[in-house]
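What follows is the residue order along each chain.
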There are 2 protein chains.
Amino acid sequence: MSSVIEMRHGSGTLAMQQLIEQIFLPAFDNPYLNQKNDQACFAMKAGRLAMSTDAYVIAPLFFPGGDIGSLAVHGTINDLAMAGATPLYLAASFILEEGFLITDLQRIVASMARAAKKSKVVIVTGDTKVVERGKGDGVFITTTGIGIVPDGISLSSDRAKVGDKIIVSGFVGDHGIAIMSLRHNLHFHTLIQSDSVALDDLVQAMIKAVPDIHCLRDPTRGGVATTLNELAQSSKIGMVIEEAKIPIKIAVASACELLGLDALYVANEGKLIAICAQQDAAYLLTIMQAHLLGRDAQIIGTVVSDQRCLVQLKTRFGGMRIIDSLAGELLPRIC
Amino acid sequence: MSSVIEMRHGSGTLAMQQLIEQIFLPAFDNPYLNQKNDQACFAMKAGRLAMSTDAYVIAPLFFPGGDIGSLAVHGTINDLAMAGATPLYLAASFILEEGFLITDLQRIVASMARAAKKSKVVIVTGDTKVVERGKGDGVFITTTGIGIVPDGISLSSDRAKVGDKIIVSGFVGDHGIAIMSLRHNLHFHTLIQSDSVALDDLVQAMIKAVPDIHCLRDPTRGGVATTLNELAQSSKIGMVIEEAKIPIKIAVASACELLGLDALYVANEGKLIAICAQQDAAYLLTIMQAHLLGRDAQIIGTVVSDQRCLVQLKTRFGGMRIIDSLAGELLPRIC
């Protein structure tokens, strides 16, 4: 096999078959994919399904803490987990640029396989296309997942109620700052790694303890600020969050200072925002803090009545300022 | 809103929200999407599900008989239909290039919506990313579908048996030739249109009449020749097909002559290959010919015993030649 992707790898030819047989099938090894049909079939019990899709176009493809492959698996698992779903099956589509290194593709595919295995998710079907040099950027991956939502779980962005508490599962801004540092060739005393991780196990622990969590969402593009605004608008409520309560690593805060960024707008790939009734908040926080992926969780604010659906920040100095959705372009191709 | 896609349309910002609210939500209008969660949830009865994904990178984006939008919906519906599944839900992810015309995006999205509606499929969730100018090519779309397979249906590429009959549902090569003619600016007496269409309704009629069809596959990239070879290898059998029986339009045959192509290797987007037991073949053909999308169906050959899994063509002149899988690069970015 050649060492780089060629146009013929996307033309339904023997070269494409070889690529599939030598790269994808061994890495994702499972009976669905091995059947080499254009679709996978599997039995499902009756219930509520969740389905989610995301395209991943992150640049650079490899970064401290992950790569486009692990990110593409974690990201879609997380979107399913935010509905309380147990992720089960993934489909993966690849758009490869002519000239892309096969060894890089292998590394990415291996990383996807590891990430999927860790969450017991099976990559059951896929597709590969090739575009000419200069019409793509190495590799773009779209993953689509389906999962099953346990009975009695009803998470939705429009369920936040006045008096509810807002919890963040850990330090914010790590992913975006890791990518920006790499792009700008910034070196800090402490290496800032992406927080890219699958949150399904944390979510399962959370909904087991408090089945009536109202909203869950992972603050990816646009960061915590944009996610809170979206939740506020969907639920037609306001929020007051406390700056002092928001967990931000010193290295991330310093990098934000240097880059002129606000960590609240920086993307995360392994964090979630949970909104639950006030009486459930302390217990939910305990459960989260008992989990490796939630040990730095904090209650950061409260849902309030506000027809304007504003998210307000109580600053360390006691002032209040409005935290809007991200308006301009902050961090292109962060995921 | 600006008239072209800008980087901020992909950054989780207000601009992205506006794009979603002004372009995608009105076109795909349904309660799942309107909830604006990062995933869709829906109830499913117990049964066998089919799942399929495809990336669409076709160039040019608009062509006689369709566009990337209708193609992306038809293609994934067809991959589900080839398992006998009734397609139900689609996820759509868009990778947009900076500078892409919003009016073109609207046209494509409208075309997707029409195609989905026609097959009663709902586009329940989606994603939008933007890449810099020169890192993409207008728009790439990945669609992923799920559908439910009726009880008793078991279609798979490894089920062809010696003595089975091979049926093609209509004229071959239209899609590929339509695209190539457009690229090479060839004008024929008769306009060659893409055959892009959803085959789910035809398949439903077929499996209702003959539940025990062994294999169904749509001969897209690599054409009929490559699809037959894949089926032969999966089923570990050989095939003999008759050149005189293969339906090819005169305009397509002429274009193939001119372009130096073999219609058997040219992509189709609205045709299928069915393999069934000999005793079912005549009835299945009648059922297919009674359907608008199968009226030109023909029995083109027979499954034979062959350890080498060769596909052989009996020519019009009585000779035999081996029809291999497509080896080189024939038609890049045909879907």
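Residue indices follow the written sequence of each chain, beginning from 1 at its first position. The order in which chains are written sets their letters, starting at A; the order in which ligands are written sets their numbers, starting at 1. Owing to the predicted nature of the model, reporting of local features is limited to residues with pLDDT of at least 70; listing and counting of side-chain atom pairs is limited to 80 or more, with chain, interface and lining totals taken over all residues. As a convention, hydrogens and water are excluded, and side-chain values are obtained from all of the structure's heavy atoms.

All names here are of chain A. Going along the chain from the N terminus, every DSSP run of H or I of four or more residues is numbered as a helix, and every run of E of two or more is numbered as a strand. In this fold, Ser154 is placed in the loop between β7 (139–149) and β8 (165–168). Sequence separation of Ser154 and Ala83 is 71 residues, and the distance between their C-alpha atoms is 7.4 Å. Residue contacts are counted whenever heavy atoms from the two residues lie within 4.5 Å of one another. Ignoring anything within four residues of it in the chain, the contact list for Ser154 reads Arg48, Arg159, Ile213 and His214.

Quick look at helix α5 (residues 174–183) of chain B now. Side chains three or four residues apart in an α-helix point the same way, a direct result of the helix having 3.6 residues per turn. Residue and element names in this part refer to chain B. For each residue, the accessible area found with a 1.4 Å probe, counting protein chains only, is set against the maximum for its type, and the residue is called buried under 20%, exposed over 50%, and partly exposed in between. Counting buried positions along α5 gives eight out of 10 residues, so the element sits mostly inside the fold. For α5, every residue scored as buried is listed here: Asp174, His175, Gly176, Ile177, Ala178, Ile179, Met180 and Ser181. Residues of α5 that are buried make contact with β3 (62–63), α3 (68–81) and α8 (250–259). Where α5 ends, the next residue or the one after it, Asn185, has phi of about 55 degrees, a positive value.

Here the focus is the pairing of strand β1 (residues 40–44) of chain B. Across a regular strand the side chains alternate sides, sitting on one face of the sheet and then on the other. In β1 of chain B, alternate side chains face the same way, and those of Ala40, Phe42 and Met44 of chain B are buried while those of Cys41 and Ala43 of chain B on the opposite face are not. Strand pairing requires that DSSP identify at least two bridges connecting the strands. Judged from the five bridges that link them, strand β2 (residues 47–56) of chain A and β1 of chain B form a sheet pairing that is antiparallel. Across the sheet, the residue bridging to Met51 of chain A is Ala40 of chain B, located in β1 of chain B.

This paragraph deals with the pattern of salt bridges. Think of a salt bridge as a Lys or Arg side-chain nitrogen and an Asp or Glu carboxyl oxygen that are within 4 Å of each other. For the structure shown, the criterion picks out 32 salt bridges over all chains. Across the pair Glu21 of chain A and Lys36 of chain A runs a salt bridge whose closest N-O atoms are separated by 3.0 Å. In this pair, Glu21 of chain A is assigned in helix α1 (residues 14–28) and Lys36 of chain A in the loop between α2 (31–34) and β1 (40–44), connecting sequence segments 15 residues apart. When its relative accessible area of 38% is taken as the criterion, Lys36 of chain A is described as partly exposed. A salt bridge links Lys249 of chain A to Asp174 of chain A; the nearest nitrogen and oxygen atoms lie 2.6 Å apart. Placement of Lys249 of chain A in the loop between β10 (238–242) and α8 (250–259) and of Asp174 of chain A in helix α5 (residues 174–183) is noted, with a sequence separation of 75 residues between them. On the basis of relative accessible area, Asp174 of chain A is assigned to the buried category, the value being 2%. Salt bridges here are not isolated pairs; linked through shared partners, they connect Asp54 and Arg221 of chain A together with Asp127 and Lys129 of chain B.

It is worth spelling out the side chain of Asn229 of chain A at this point. Residue and element names in this part refer to chain A. Topologically, Asn229 is positioned in helix α7 (residues 223–235). In this structure the side chain of Asn229 is engaged in a polar contact, spanning 2.9 Å, whose partner is the backbone oxygen of Ala225. Once you skip the residues sitting within four places of it in the chain, Asn229 turns out to touch Cys309, Val311, Ile323, Asp324 and Ser325. Whenever two N or O atoms come within 3.5 Å, that pair is a polar contact, provided that in protein one can donate a hydrogen and the other can accept it, and provided that, for residues adjacent in sequence, both atoms are side-chain atoms.

All names here are of chain A. Taking burial as the measure, the 12 residues of strand β5 (residues 86–97) include 10 buried ones, the bulk of the element. As judged from the 10 bridges shared by β5 and β7, these two strands associate in the antiparallel manner. Note on β7: the bridge partner recorded for Ala92 is Thr143. Sheet topology places β5 next to strand β6 (residues 122–131); nine bridges connect them, and they run parallel. Its bridge partner being in β6, Ile95 is matched across the sheet by Lys129. By definition, the crossover connecting two strands over a helix is right-handed if that path, from the first strand to the second, turns clockwise as seen with the strands pointing away from the viewer. Note on the crossover from β5 through helix α4 (residues 102–118) to β6: the handedness is right-handed.

A separate point is the interface of chain B and chain A. At the junction of the two partners, chain B supplies 78 residues and chain A supplies 78 residues. Where chain B abuts chain A, roughly 6,100 Å² becomes buried across the two surfaces, and 53% of that area is made up of carbon and sulfur atoms. Counting every contact that joins chain B to chain A gives eight salt bridges. In this structure, Arg333 of chain A and Glu132 of chain B form a salt bridge, with 2.7 Å as the shortest nitrogen-oxygen distance. Across the contact surface, chain B and chain A share 33 residue pairs in polar contact (both at pLDDT 80 or more). Every element with two or more residues in the side of chain B that touches chain A is listed here: α1 (14–28), β1, β2 (47–56), β5 (86–97), β6 (122–131), β7 (139–149) and α7 (223–235) of chain B. If you tally residues by element for the side of chain B that touches chain A, the top one is β2 of chain B, at nine residues. Looking at the side of chain B that touches chain A residue by residue, the classes come out as 32 nonpolar, 27 polar and 19 charged. Accessible-area loss on putting two parts together, using a 1.4 Å probe and summing over both, is the definition of buried area adopted here. Residues were grouped as follows: Ala, Val, Leu, Ile, Met, Phe, Trp, Tyr, Cys and Pro as nonpolar; Asp, Glu, Lys and Arg as charged; and all remaining residues, including Gly, as polar.

Further remarks concern the state of the cysteines. A pair of sulfur atoms, both from cysteines and within 2.5 Å, is called a disulfide here. For the coordinates displayed, the defined rule picks out zero disulfides over all chains. Here Cys256 of chain B stays unpaired: no disulfide links it, and the sulfur of Cys335 of chain B, its closest cysteine neighbor, is 17 Å away.

Once that is clear, we can look at the domain arrangement of chain A. Residues and elements named next belong to chain A. Here chain A is described as being made up of domain 1 (7–149) and domain 2 (165–322). Inter-centroid distance (C-alpha atoms) of domain 1 to domain 2 is 28 Å. With 20 residues of domain 1 in contact, the opposing surface of domain 2 contributes 22 residues. Interface area lost by domain 1 to domain 2 is led by Pro64, Asn78 and Met82, which between them contribute 35%. Along the contact surface separating domain 1 from domain 2 lie zero salt bridges. Put simply, domain 1 and domain 2 have nine residue pairs in polar contact (both at pLDDT 80 or more) between them. Counting only elements with at least two residues in the side of domain 1 that touches domain 2, the list comes to β3 (62–63), α3 (68–81) and β5. Broken down by element, the side of domain 1 that touches domain 2 gets its largest block of residues, seven residues, from α3. Tallied by class, the residues present in the side of domain 1 that touches domain 2 amount to 12 nonpolar, seven polar and one charged. Domain start and stop positions are those given by an automatic or database domain assignment.

With that settled, the discussion passes to the environment of Ile108 of chain A. All names here are of chain A. Topologically, Ile108 is positioned in helix α4. What makes Ile108 buried here is its relative accessible area of 0%. With 47 residues separating them along the chain, Ile108 and Leu61 place their C-alpha atoms 8.6 Å apart.

This part takes up the relation of the copies chain B and chain A. The two copies are related by a screw operation: chain B maps onto chain A through 180 degrees of rotation and 0.0 Å of translation along the axis, at an RMSD of 0.0 Å. Seen this way, the second copy is the image of the first under a two-fold rotation axis. Comparing interface residues between copies, 100% of those in chain B also sit at the interface in chain A, which points to an isologous, same-surface contact. To superpose the copies, least squares is applied to the C-alpha atoms of every residue with a pLDDT of at least 70 in both.

Mapped onto the fold, Thr142 of chain A is located in strand β7. The class for Thr142 of chain A is buried, based on a relative accessible area of 1%. Among the polar contacts made by the side chain of Thr142 of chain A, one reaches the side chain of Ser93 of chain B at a distance of 2.9 Å. With sequence-adjacent residues up to four places away left out, Thr142 of chain A is seen in contact with Thr53, Asp54, Ala55, Ala91, Ala92 and Ser93 of chain A together with Ser93 and Thr142 of chain B.

Two aromatic rings, drawn from Phe, Tyr or Trp (for Trp, its six-membered ring), form a pair once their centres lie within 6.5 Å of each other, and the interplanar angle then sorts them: stacked below 30 degrees, edge-to-face above 60, tilted otherwise. According to the stated counting rule, one finds 11 aromatic pairs over all chains in the structure shown. Ring geometry for Phe24 of chain A versus Phe28 of chain A: centroids 6.2 Å apart, planes at 40 degrees, classification tilted. Taken together, the residues span about one helical turn, with Phe24 of chain A and Phe28 of chain A both in helix α1 at a distance of four residues. In this structure Phe24 of chain A comes out as buried when scored by relative accessible area, which is 6%. Measuring from centroid to centroid gives 6.2 Å for Tyr32 of chain B and Phe42 of chain B, while their planes differ by 85 degrees, and the two rings are edge-to-face. Within this pair, whereas Tyr32 of chain B is found in helix α2 (residues 31–34), its partner Phe42 of chain B is found in strand β1, the two being separated by 10 residues in sequence. Judged by its relative accessible area of 24%, Tyr32 of chain B falls in the partly exposed class. For Phe42 of chain B, a relative accessible area of 3% gives the class buried. Counting every residue linked through ring pairs, the aromatic cluster contains Phe24, Phe28 and Phe94 of chain A. Cation placement over rings: the criterion is NZ of Lys or CZ of Arg within 6 Å of the ring centroid and within 35° of the ring normal. Note that Arg107 of chain A overlies the ring of Phe62 of chain A, its terminal NZ or CZ placed 3.7 Å from the centroid. Sitting above the plane of the Tyr56 of chain B ring, Lys129 of chain A keeps its charged end 5.3 Å from the centroid.

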